[in-house]
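In case you want the letters, here they are:
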Number of protein chains: 2
Amino acid sequence: MRPHEVSIADIARIAGVSHTTVSRALRESPLISSETRARIQRLASEMGYTPNAIAQSLHTKQTSTIGLVVTSIADPFFGDVVKGVEEVARASGFSVLLSASYNNPEETLDIIETFHRRRVDGILVASSRISEDYGRRLHHTHIPTVLINSEVEGQANLLHWISVDDCQGAQLAVNHLLQLGHRAIGYLGCHSRPASNLQRQQGYLNALRAAGIEPSPSWVVIPPGAEASQEEDLSAGQHALSPLLEAGVTAIFCYNDMTAIGMLTSCHARGIAVPQDLSIIGFDDITIASCVTPPLTTIHQPRVELGRLATQVMLDLLQSRPGANHTLSPTLVLRTSTAPLSK
Amino acid sequence: MRPHEVSIADIARIAGVSHTTVSRALRESPLISSETRARIQRLASEMGYTPNAIAQSLHTKQTSTIGLVVTSIADPFFGDVVKGVEEVARASGFSVLLSASYNNPEETLDIIETFHRRRVDGILVASSRISEDYGRRLHHTHIPTVLINSEVEGQANLLHWISVDDCQGAQLAVNHLLQLGHRAIGYLGCHSRPASNLQRQQGYLNALRAAGIEPSPSWVVIPPGAEASQEEDLSAGQHALSPLLEAGVTAIFCYNDMTAIGMLTSCHARGIAVPQDLSIIGFDDITIASCVTPPLTTIHQPRVELGRLATQVMLDLLQSRPGANHTLSPTLVLRTSTAPLSK
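Residues numbered from 1 in each chain as written. Chains lettered and ligands numbered in written order. Predicted model: local features only at pLDDT ≥ 70, side-chain atom pairs only at ≥ 80, totals over all residues. Heavy atoms only, no water.

Here's the deal with the pairing of strand β2 (residues 95–100) of chain B
Put simply, side chains in a regular strand alternate between the two faces of the sheet. The element β2 of chain B is largely enclosed, with a buried count of six among its six residues. Neither face of β2 of chain B is open: one carries S95, L97 and S99 of chain B, the other V96, L98 and A100 of chain B, and all of them are buried. In the sheet, strand β2 (residues 95–100) of chain A pairs with β2 of chain B via three bridges, with the strands oriented antiparallel. Counterpart to L97 of chain A in the pairing with β2 of chain B is L97 of chain B. (Buried < 20%, exposed > 50% of the residue type's maximum accessible area, 1.4 Å probe, protein only. Helix = DSSP H or I, 4+ residues; strand = E, 2+ residues; numbered from the N terminus. Pairing = 2+ DSSP bridges.)

Okay, structure coming up:
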């Protein structure tokens, strides 16, 4: 279908020189005169010749390609991570192959298999659910892999990771609510991201227990769900409001901003004033968190930075420099969805 | 750095057969016995052999790769488009190379050049600013290209496009406001996306003039800006509120949902009740539009569908089927940020 592509042989024929001479001219080789080099380069450009990176990669054994798998492309959290990855990759001459796992561990393995066939130089995984199989498979593939906010059990010596400290973030959130005088503090968790949910729930428990509070089991609600999508998060937040209010909480720490926003919309619908009647705090600090009513107090995750740093570690690994693991610290962002407990 | 990769020669040596036999076994050739085939396939799997798609693509002259350039990866509009592209591409065995232009026409050309070197089979452009140069360059590259919500002057015979009818969407929005009794209707435009801004402004003018209203020049505000980012949109909406109120409008049609949300936050800050004091309508119907206060009346763009359809047209072109251009119709989504004009 595509018309004949201009080859080195075509340029050689028209220039009346050998294949080797054209090849040397295009590689800026000093073995030919600068006049010949300039003439052939000009001719190649006029003929519309573009070097074939695919052919080159068979020689160099490098494709200058990074494979990136994310849970969901449309999610504002991953959008920023992808942005950071692409920025650093592109500045170093790498291209990014992007694929979405939809939170399915089988799909993740499938995508990684495709990346392997395409001989990517490295793989970045920003998808919370990776099976242990992956660690085992790495023994065969030997492709440098950096995980973003994900952890895999076993074989950790072949994997690197960059993550935000979920447990610390949760403690920041709950300590903020404690300082406002709240004691009956709920946790709205997330079923579809079990690893980070566990960490955030642990941080919640740590903070309460450090304050001498033993939370009632009814203060923790983890709605079902498997998609890890924005829509699922909104719906989880909307449905968790009633059971948490019935449990008697005066403040709620939500797994992420989208669940917190879902909860806010339910509060509006039921005439519950936030923060006067109920304090709500999120996690992530997505762009929209500052635009809802009231603007959401939340825990900031440096998302673009996560993507940038993971890519930098990958580039280090590809240049045989040691790759370090990094745990980034989240920060509290004060807005107006939290307030002192009214007596 | 990477350990030795298992090759067909390695398998042949260990199996004690020829290179040709291994190659035939892996290609399921009937020229060797089914026992040998099974034995070699099992051995290849145990040794961790994965076929090299790069080497194959030099034979087939196809890389099964699509290059996708978007204005911004973190933007919720493009997130959904990318999702639709990846979904259809992957189902057909194609991988997606993703890059962001940050609304810079030079970057766009640069990215496309990289895609060409990587011998992508086709290019999708979801970036509103493409220079005419691109049409000219296509004469050299001959790479099938499909534009998503973008248009290029000239050389249109080499390009295909999928877009949502911006002018029609704007008319839907303004007619809705007219039906609510508003006559002094403002337009908050967008400087950084000139093509779609022009279409939406035209639809705005058409609708008003069809109703016998000649808009005052002060009803149209187009804030400066070059980034086409979410942050820029929010800020544009926040700053456009004052001049539009001073111009005496009772309703505002905003270029997109993010500018409308920026305007909503300014209304909250100034104690202006929406929709009682001012009706606001957006464009796009991003997920968050239903979660702000009040939920935003807007024009729905089928974003995931745009990505899917553009990819389908691309796959048709790659199989030498004729590729059609498509203009999709936007629809009005009624929520509560618009209300009848109070007397």
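Once the structure has been displayed, the description carries forward.
Comments concerning helix α6 (residues 105–117) of chain A
Side chains of residues three or four places apart in an α-helix project in the same direction, reflecting 3.6 residues per turn. Residue and element names in this part refer to chain A. The end-to-end C-alpha separation of α6 is 19 Å, in line with the 18 Å expected for 13 residues at 1.5 Å each. Buried within α6 we find T108, L109, I111, I112, F115 and H116. Projected down its long axis, α6 carries its buried residues within an arc of 160°, all on one side. Near the N-terminus of α6, the side chain that reaches the backbone nitrogen of E106, with its oxygen 2.8 Å away, is that of N104. Backbone geometry just downstream of α6 places R119 in the positive-phi region, at approximately 55°. (Expected span 1.5 Å × (residues − 1). Arc of directions from axis to C-beta. Polar contact = N/O pair within 3.5 Å; in protein donor to acceptor, adjacent residues only side chain to side chain.)

Quick notes on the pattern of salt bridges
Under the defined criterion, the tally for this structure stands at 23 salt bridges over all chains. For R303 of chain B, the salt bridge identified is with D80 of chain B, shortest N-O distance 2.9 Å. One end of the pair, R303 of chain B, is in helix α12 (residues 303–318); the other, D80 of chain B, is in helix α5 (residues 76–91), and 223 residues separate them in sequence. Assigned by exposure class, R303 of chain B and D80 of chain B land together as buried. Each of D75, R193 and D233 of chain A takes part in one network of salt bridges that share partners. (Salt bridge = Lys/Arg side-chain N within 4 Å of Asp/Glu carboxyl O.)

Details of the sheet that holds strand β8 (residues 251–254) of chain B
All names here are of chain B. Spatially, the four strands line up as an open sheet ordered β7-β6-β8-β9, and their pairing is parallel. The sheet is open, and its two borders are formed by β7 (220–221) and β9 (279–281), each paired with just one other strand. Examined bridge by bridge, strand β6 (residues 185–188) and β8 share four bridges and lie parallel to one another. Counted as the bridge partner of Y187 is F253 from β8. Running at roughly 170° to β8, helix α8 (residues 166–179) makes contact with β6, β8 and β9 of the sheet. Of the strands in this sheet, β6, β7 and β8 are in contact with helix α9 (residues 194–210), which crosses β6 at around 175°. (Contact = heavy atoms within 4.5 Å. Axes fitted to C-alpha atoms, helices over the stretch in contact; angles between N-to-C directions.)

Side note on the packing of aromatic side chains
Using the criterion set out here, one finds eight aromatic pairs over all chains in the structure. Between F77 of chain B and F78 of chain B, the ring centres sit 5.3 Å apart and the planes meet at 85°, which makes this aromatic pair edge-to-face. Among the residues examined, F77 of chain B registers a relative accessible area of 10% and is labelled buried. The rings of Y187, Y204, F253 and F283 of chain A are connected pair by pair, giving a single aromatic cluster. The residue whose ring lies beneath R200 of chain B is Y255 of chain B, and the NZ or CZ to ring-centre distance is 4.3 Å. In this arrangement the basic side chain of R200 of chain B is found over the ring face of F283 of chain B, its NZ or CZ atom lying 3.9 Å from the centre. (Phe/Tyr/Trp six-rings, centres within 6.5 Å; stacked < 30°, edge-to-face > 60°. Lys NZ or Arg CZ within 6 Å of the ring centre and 35° of its normal.)

All we've got here are geometric facts, nothing functional implied.
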